[in-house]
Amino acid sequence: MSGTLVLDCEGLSRLVRRDLALTEWLAAADAEDIRVVTSSVTLVEARDPRVHQAQFDYAVSRVNIVPPSEAIARRASMLLAESGLHGHKYALDALVAATALTSPRPTTVLTSDPEDLQMLCNEVITVIKI
């Protein structure tokens, strides 16, 4: 593997909706042997009841699911403290950031909210708005 592509809620939601740009990102990642991941908590955040379960499950099957281990949760907590952000509002972003920071580099996060994730990831992770 030569790096990691991390999908946040918007990234996974776009994959579920078969968004062309997201499909192209996955094809490029596959061509470059880049591992595509999402946090298991993102599955909950991205679940839209208007989307058929089979469509959601198929999209999820195309990515590697990373559970929030104790180490990832502790890292997320430290990221919140270092950034001065409260877990009530930023917990899921912090878990995505911690997942990215513990993934093989180079690591890129696709998100609709680059400002928050950039605060949590610093300059170590490439954060791209989708």
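Quick note: structure is the one above.
Below is a summary of the structure that appears in this document. Residue positions are counted from 1 within each chain, in the order its sequence is given. With pLDDT at 70 or above as the cut-off, local features in this predicted model cover only qualifying residues; side-chain atom pairs require 80 or more to be listed or tallied, and sums for whole chains, interfaces and linings still use all residues. Water and hydrogen atoms were dropped before computing side-chain values, which therefore reflect all heavy atoms in the structure.

The way it works is that DSSP assigns letters per residue, a run of H or I at least four long becomes a helix, a run of E at least two long becomes a strand, and they are numbered from the N terminus. Along the protein, the regular secondary structure elements total seven helices and five strands. Of the regular secondary structure in the protein, the N- to C-terminal order runs β-α-α-β-α-α-β-α-α-β-α-β. A globule of 130 residues ought to have a C-alpha radius of gyration of about 14 Å, and the protein, at 14 Å, matches this closely. Summarising its shape, the C-alpha atoms of the protein cover approximately 40 × 35 × 25 Å along the three principal directions. Relative accessibility decides the category of a residue: with a 1.4 Å probe and only protein chains considered, values under 20% of the type maximum give buried, values over 50% give exposed, and everything between is partly exposed. Looking at the protein residue by residue over its 130 residues, the buried ones come to 44%. Of all intrachain contacts in the protein linking residues separated by at least 6 positions in sequence, the fraction that spans at least 24 positions is 64%. Looking at the protein as shown, the accessible area adds up to about 7000 Å², and 54% of this sits on carbon and sulfur atoms. This count recognises Lys and Arg as positive and Asp and Glu as negative, with His and chain-terminal groups excluded. Taken as the charge centre is NZ of Lys, CZ of Arg, CG of Asp or CD of Glu, depending on the residue. Treating the 12 positive side-chain charges of the protein as one cloud and the 17 negative ones as another, the clouds have centres 4 Å apart. Computation of the radius of gyration draws on C-alpha atoms, with the globule rule given as 2.2 Å multiplied by the number of residues to the power 0.38. Every residue pair with non-hydrogen atoms within 4.5 Å of one another is taken to be in contact. Residue exposure ignores everything except the shown protein chains as possible cover, and the areas themselves are Shrake-Rupley values with a 1.4 Å probe.

Put simply, a nonpolar core is a bunch of buried Ala, Val, Leu, Ile, Met, Phe, Trp, Tyr and Cys residues held in one set by side-chain atoms that sit within 4.5 Å of each other. With 23 residues, the main nonpolar core has Val109 and Leu120 as its most contacted residues. Only helix 5 (70-83), helix 6 (87-101) and helix 7 (114-121) provide two or more residues apiece to this core. Per-element accounting of this core gives the leading share, eight residues, to helix 6. In contact with valine 109, not counting residues within four places along its chain, are Val6, Val96, Ala100, Leu117, Ile125, Thr126, Val127 and Ile128. Listed in part, the 18 residues of the second largest apolar core include Leu12, Leu22, Leu110 and Ile130.

What you see with strand 1 (residues 4-7) is no split at all: Thr4 and Val6 on one side and Leu5 and Leu7 on the other are buried throughout. Two strands qualify as a pair provided that DSSP identifies no fewer than 2 bridges between them. Note that strand 1 and strand 2 (residues 35-39) share three bridges and pair parallel. Paired with leucine 5 across the bridge in strand 2 is valine 36. Judged from the four bridges that link them, strand 1 and strand 4 (residues 107-111) form a sheet pairing that is parallel. Within strand 4, the residue paired with valine 6 across the bridge is valine 109.

Take the environment of isoleucine 72 next. Considering the arrangement of structural elements, one finds isoleucine 72 in helix 5. Here the alpha-carbon distance between isoleucine 72 and serine 2, two residues 70 residues apart in the chain, equals 21 Å. Excluding its chain neighbours within four sequence positions, the residues that come into contact with isoleucine 72 are Val66, Pro67, Leu95, Ala98, Thr99 and Thr102.

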